[in-house]
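An overview of the molecular structure
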Amino acid sequence: LALRVARHALERAGFEVDCLSNGEDAVAAALEEDRGRRYDLVLIDERMSPTSGTESTRRIRRGEVDKGLDPVGVVALTAHSTEADRRAFFLSGMDGVVAKPVRVKTLPGTVLAYIRELAENKERRRWRPR
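Residues numbered from 1 in each chain as written. Predicted model: local features only at pLDDT ≥ 70, side-chain atom pairs only at ≥ 80, totals over all residues. Heavy atoms only, no water.

**Structural notes on the overall build of the chain**
For clarity, the cut-off: In this text, helices come from DSSP runs of H or I with a minimum length of four residues, and strands from runs of E with a minimum of two, each type numbered from the N-terminal end. Computation of the radius of gyration draws on C-alpha atoms, with the globule rule given as 2.2 Å multiplied by the number of residues to the power 0.38. When accessible area is computed with a 1.4 Å probe and restricted to protein chains, residues below 20% of their type maximum are described as buried, those above 50% as exposed, and intermediate ones as partly exposed. The contact rule is simple, with two residues in contact once any of their heavy atoms fall within 4.5 Å. Accessibility throughout is a Shrake-Rupley quantity obtained with a 1.4 Å probe, and a residue counts as covered only by protein chains that appear here. Counted charges follow a simple rule, with Lys and Arg positive, Asp and Glu negative, and His plus the chain ends left uncounted. Charge positions come from single atoms, namely NZ of Lys, CZ of Arg, CG of Asp or CD of Glu.
A count of helices and strands for the chain gives 5 helices and 3 strands. Written out in order from the N terminus, the α and β elements of the chain read α-α-β-α-β-α-β-α. In summary, the chain has a C-alpha radius of gyration of 14 Å against a globular reference of 14 Å for 130 residues, a match within 12%. For the chain, the C-alpha atoms occupy an extent of roughly 35 × 35 × 30 Å along the three principal directions. Considering the chain as a whole, with its 130 residues, one finds that 40% of them fall into the buried category. Within the chain, counting contacts between residues at least 6 apart in sequence, those at least 24 apart form 61% of the total. Accessible surface computed for the chain: about 7,700 Å², of which carbon and sulfur atoms make up 48%. Side-chain charges in the chain split into 24 positive and 21 negative, and the spacing between the mean points of these groups amounts to 4 Å.

What follows is the structure, encoded as structure tokens:
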């Protein structure tokens, strides 16, 4: 349900949105260069299967390092936003957290703010594998 709500809110605000059903597809899409451009931001649900959002993010970051790609913004879309959860998200290479339930009125502005901030700080954000 959160995915449909988020997609609808973002599309209504003029964003181009792709929805993928699992973490493995998200990793492949985030690292894909054949489309002529990469995503500006990936909203990734922590509860994706068979690969969690944090593990998918680690794979995206490793793939970026291996391919020499600039980092794509990755933001958790999650109901789990305790301090420990946030720490795990950031350690995996995520750039931010959007807590569920999704707020339709504020989501587009939040996404745009992440895109702008992350674009300005790409070099600082280079992830180093641990």
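Having seen the structure, we can now continue with the description.
**Overview of the packing of helix α2 (residues 23–31) against helix α3 (residues 53–67)**
Formally: Lines fitted to the C-alpha atoms define the axes, with helices restricted to the stretch that makes contact. Angles between their N-to-C directions range from 0 to 180 degrees. Our angle categories are set so that under 35 degrees counts as roughly parallel, over 145 as roughly antiparallel, 65 to 115 as roughly perpendicular, and the remainder as oblique. Should the near helix be turned anticlockwise from the far one by less than a right angle, the crossing is termed left-handed; should it be turned clockwise, right-handed.
Relative to each other, α2 and α3 sit at 25 degrees, their axes nearing to 9 Å. Relative to α3, the element α2 lies roughly parallel. For the pair α2 and α3, the crossing hand works out as right-handed. Here Gly23, Glu24, Ala26, Val27, Ala30 and Leu31 of α2 come into contact with α3, specifically with Ser56, Arg59, Ile60, Gly63, Glu64 and Lys67.

**Topic: the pairing of strand β3 (residues 96–99)**
Stated formally: Strand pairing is assigned whenever DSSP detects at least two bridges linking the two strands. Orient the strands so they point away from the viewer, and a crossover whose first-strand-to-second-strand path over the helix runs clockwise is right-handed.
Alignment of strand β2 (residues 73–78) against β3, held across 4 bridges, turns out to be parallel. Paired with Leu77 across the strands is Val98, a residue of β3. Following the backbone out of β2, through helix α4 (residues 83–92) and into the adjacent parallel β3, one traces a crossover that is right-handed.

**Section: the side chain of Thr57**
Looking at the element boundaries, Thr57 is found in helix α3. Aside from chain neighbours lying at most four places away, what touches Thr57 is Ile44, Val74, Ser92, Gly93 and Met94.

**Details of unusual backbone geometry**
Of note, the amide linkage connecting Lys100 to Pro101 takes the cis form, showing an omega dihedral of 0 degrees. If you trace the backbone, Pro101 turns up in the loop between β3 and α5 (107–120).

**So, α5**
To keep things clear, this is the line we draw: Given the number of residues in a helix, its expected span is that number minus one, multiplied by 1.5 Å. Directions from the helix axis toward the C-beta atoms define the arc.
Look at α5: 20 Å from first C-alpha to last across 14 residues, which is about the 20 Å you get at 1.5 Å a residue. If you check which residues of α5 are buried, you get Leu107, Pro108, Val111, Tyr114, Ile115 and Leu118. End-on view of α5: buried residues confined to an arc of 125 degrees, all on one side of the axis. Residues of α5 that are exposed and angled more than 90 degrees away from the buried face: Arg116 and Glu120.

**Overview of the pairing of β2**
Buried residues dominate β2, accounting for 6 of its 6 residues. In β2, alternate side chains face the same way, and those of Gly73, Val75 and Leu77 on one face and Val74, Ala76 and Thr78 on the other are all buried. Here strand β1 (residues 41–45) pairs with β2 via 5 bridges, running parallel. Its bridge partner being in β2, Asp45 is matched across the sheet by Leu77.

This is a description of form; function is not addressed.
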